[in-house]
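# Inside the fold
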Amino acid sequence: MTMANSNEPIESVHILFVGAGAVGCFYASRLHHPGQNIYTSLIARSNYPAIATSGVELHTHSFGDYSFKPYAVFPNISAAVPNASSSTNQTASPPPPTDGWDYIIVTTKALPDRTDDSATVAPLVRSNSCIVLIQNGVGVEEPYRKRFPHNPIVSAVTVVSAEQIRNGVIRQNRWTRISLGPYGSGLGSSSTSISQSESSDVVRRGHECMERLAHWWTEYGGIRDVERHTEIELQTIRWHKLCINAAFNPTAVLSGGRGNADQLTDPELREHIIGIMNEIWNAAPKVLGKPFPDSLAKPEKIIKSTERNTGARPSMLLDWEAGRPMELEVILGNPVRIARRAGVEMPKLQTLYALLRSMQKVREERRAEEKGKL
């Protein structure tokens, strides 16, 4: 990948999105610019036939209705591995780039208790690859840093509201903001063996990759609220987003299926939600080394904003209702463990974590027993 200047590619840039759900398809569609030598491809699974045949159809609040035809679409990781045997890549798409993927953007759910996604994507990663993680929760980057100590990593947090209404058809309801930051060792918990100078170099390279992505998404993709951050600033944003994800998502499941705004109409649930937000807010100074900045919305503002977003049902609730694994570790388990290492207990989050972890375990055991009886 050669640049005319810091952001303008001369040679082709190949970007691979691992995960073709609503978030992945939306951001991929705003990053595919063949006229600028920027080509975006997708790894799709259940929606592979639809996307491989017709591309992605998008109905968006921000950009209107349009279609997105990726450079290539692959049904699995193996098919997207550069220089793999022809028997492995039996798709109608162009083959993976022979020089490897410049950017590998992971938008799948983070389920470290089920799979090590860093190991899953390892066949795709080359020495020149930048790994980008658009995922919920905290601590999602560390497995990648351990496995790929010398590759630049960009961590990303988004607040986009989007859904896949049927295979290959995406609806973006509101918001486009995505926050980006390089990742070296996060909050200092990484156990890699690289030196301080190597760590500084990998952060510098991550920063350069972040700047290019931000430029492309903004100048070519028209997303006006792409935010650039330092490493600690981005980790702060991840922890701040827990005020939403760790408060409303688990409560939606435990309250019997109530959406975010609906939860706030119940006085006891409202007090419970505010208590979780305050627990995260009060833990921040020790976990992050300083309080949340004034620029980030305080619990009261988050509550008011949520009250207006009627009808929203968090992804954790949708996963529970569909019988899928929930993102318990990155939204609840990791924060509790990271805070404990910093000398802070988070009893409210720990309670939610224990209850939901048990609920999920019991349901899966019962299903396994019922399946064994068939």
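Residues numbered from 1 in each chain as written. Predicted model: local features only at pLDDT ≥ 70, side-chain atom pairs only at ≥ 80, totals over all residues. Heavy atoms only, no water.

### Some words on the pattern of salt bridges
For the structure shown, the criterion picks out 21 salt bridges. One salt bridge connects D319 with K109, and the closest N-O pair in it is separated by 3.2 Å. Note that D319 is positioned in helix α10 (residues 315-321) and K109 in the loop between β6 (103-106) and α3 (117-121), a separation of 210 residues in sequence. Residue classification places D319 among the buried residues on the basis of a relative accessible area of 2%. E321 is the partner of R313 in a salt bridge, and the nearest nitrogen-oxygen pair spans 2.6 Å. (Salt bridge = Lys/Arg side-chain N within 4 Å of Asp/Glu carboxyl O. Helix = DSSP H or I, 4+ residues; strand = E, 2+ residues; numbered from the N terminus. Buried < 20%, exposed > 50% of the residue type's maximum accessible area, 1.4 Å probe, protein only.)

### Thoughts on empty space enclosed by the protein
Enumeration according to the criterion identifies one cavity of 30 Å³ or more in this entry. In this model, the largest cavity occupies a volume close to 40 Å³. (1 Å grid on protein atoms, 1.4 Å probe; cavity = no way out; pocket = protein on both sides within 12 Å on 5 of 7 lines; lining within 4 Å. Points joined across faces, edges and corners; volume = space filled by probe spheres on them.)

### Re unusual backbone geometry
The phi dihedral of N37 is positive, around 65°, even though this residue is not glycine. Relative to the helices and strands, N37 is located in the loop between α1 (22-29) and β2 (38-43). Positioned with a positive phi, W175 is a non-glycine residue whose angle comes to about 65°. Examined against the element boundaries, W175 turns out to sit in the loop between β10 (169-174) and β11 (178-182). Exposure remark for W175: the relative accessible area of 36% places this residue in the partly exposed category.

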